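# Chains, contacts and geometry: an overview
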Amino acid sequence: ATSNYIQSVFIEQVLDTTTGSASFVTLLTQAVTTIAGSILIIHATASISNTNTNNNQDIQIVIDGTPARGAGSRVSAANVPQSMAIVYRKTGLSAGAHTILLQWRTSGNTARCRPTSLLNEHASLLIEEVTV
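This section reports on the structure supplied with the text.

When you go through the protein residue by residue, the secondary structure sums to zero helices and ten strands. Counting from the amino terminus, helix and strand elements in the protein follow one another as β-β-β-β-β-β-β-β-β-β. Here the C-alpha coordinates of the protein stretch approximately 45 × 25 × 25 Å along the principal axes. The proportion of buried residues among the 132 residues of the protein is 42%. Looking at the protein alone, contacts between residues at least 24 apart form 78% of all its contacts between residues at least 6 apart.

Overall, antiparallel pairing links the four strands, which are arranged S3-S8-S5-S6 in an open sheet. Either end of the sheet is taken by a strand with one partner, and the two such strands are strand S3 (25-34) and strand S6 (66-74). If you compare each strand with its neighbour and ignore which way they point, the axes differ by 15° on average.

Moving on: the environment of Pro 115. With respect to the secondary-structure elements, Pro 115 resides in the loop between strand S9 (111-113) and strand S10 (122-131). Using a relative accessible area of 23% as the deciding quantity, one classes Pro 115 as partly exposed. Considered as a pair, Pro 115 and Ile 48 are 67 residues apart in the sequence and their alpha carbons are 9.4 Å apart. Setting aside residues no more than four positions away along its own chain, Pro 115 makes contact with Gln 13, Val 14, Leu 15, Asp 16, Glu 121 and His 122.

So, on to the environment of Leu 93. Relative to the helices and strands, Leu 93 resides in the loop between strand S7 (82-90) and strand S8 (96-106). Separated by 39 residues in sequence, Leu 93 and Val 132 have C-alpha atoms that sit 14 Å apart. In contact with Leu 93, not counting residues within four places along its chain, are Leu 40, Ile 63, Asp 64 and His 98.

Below, the discussion takes up the pattern of salt bridges. Following the criterion strictly, the structure yields two salt bridges and no others. Salt-bridge contacts for Arg 105 lead to Asp 58; the nearest nitrogen and oxygen are separated by 2.9 Å. Here Asp 58 lies in strand S5 (residues 56-63) and Arg 105 lies in strand S8, a separation of 47 residues in the sequence. Among the residues examined, Asp 58 registers a relative accessible area of 17% and is labelled buried. Ionic pairing is found between Arg 114 and Glu 121, a salt bridge with its closest N-O pair at 2.8 Å. The class of Arg 114 is buried, set by a relative accessible area of 17%.

Criteria and thresholds
- Residues numbered from 1 in each chain as written.
- Predicted model: local features only at pLDDT ≥ 70, side-chain atom pairs only at ≥ 80, totals over all residues.
- Heavy atoms only, no water.
- Helix = DSSP H or I, 4+ residues; strand = E, 2+ residues; numbered from the N terminus.
- Buried < 20%, exposed > 50% of the residue type's maximum accessible area, 1.4 Å probe, protein only.
- Contact = heavy atoms within 4.5 Å.
- Pairing = 2+ DSSP bridges.
- Axes fitted to C-alpha atoms, helices over the stretch in contact; angles between N-to-C directions.
- Salt bridge = Lys/Arg side-chain N within 4 Å of Asp/Glu carboxyl O.

See the structure below:
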């Protein structure tokens, strides 16, 4: 099968940020306008730390308000980044505008994403639109 590359959109966290939320909150937001019959391939990565040990940290991709896929890690040492990645293939979207979110949460203390302060902490979202 031949595929056609339509577009790619990239966003990353550029400022240091934190959350203490046990519920998912938005870390990154990206709008994308698709054509009929296309496929979105979504890549999300994060390297985040926590101020304390023994906490769970989770990320999830949300498409138009609906959670699609998640990943998580358990913090084994305070202030040491934990890395997570998600790749998700979404079919069946209607043509038009869509909103893709990367959300995060922590089970305790403070989760941190500090790309300004530390090279090894980040969050990024790459969205590729293709047809098959």
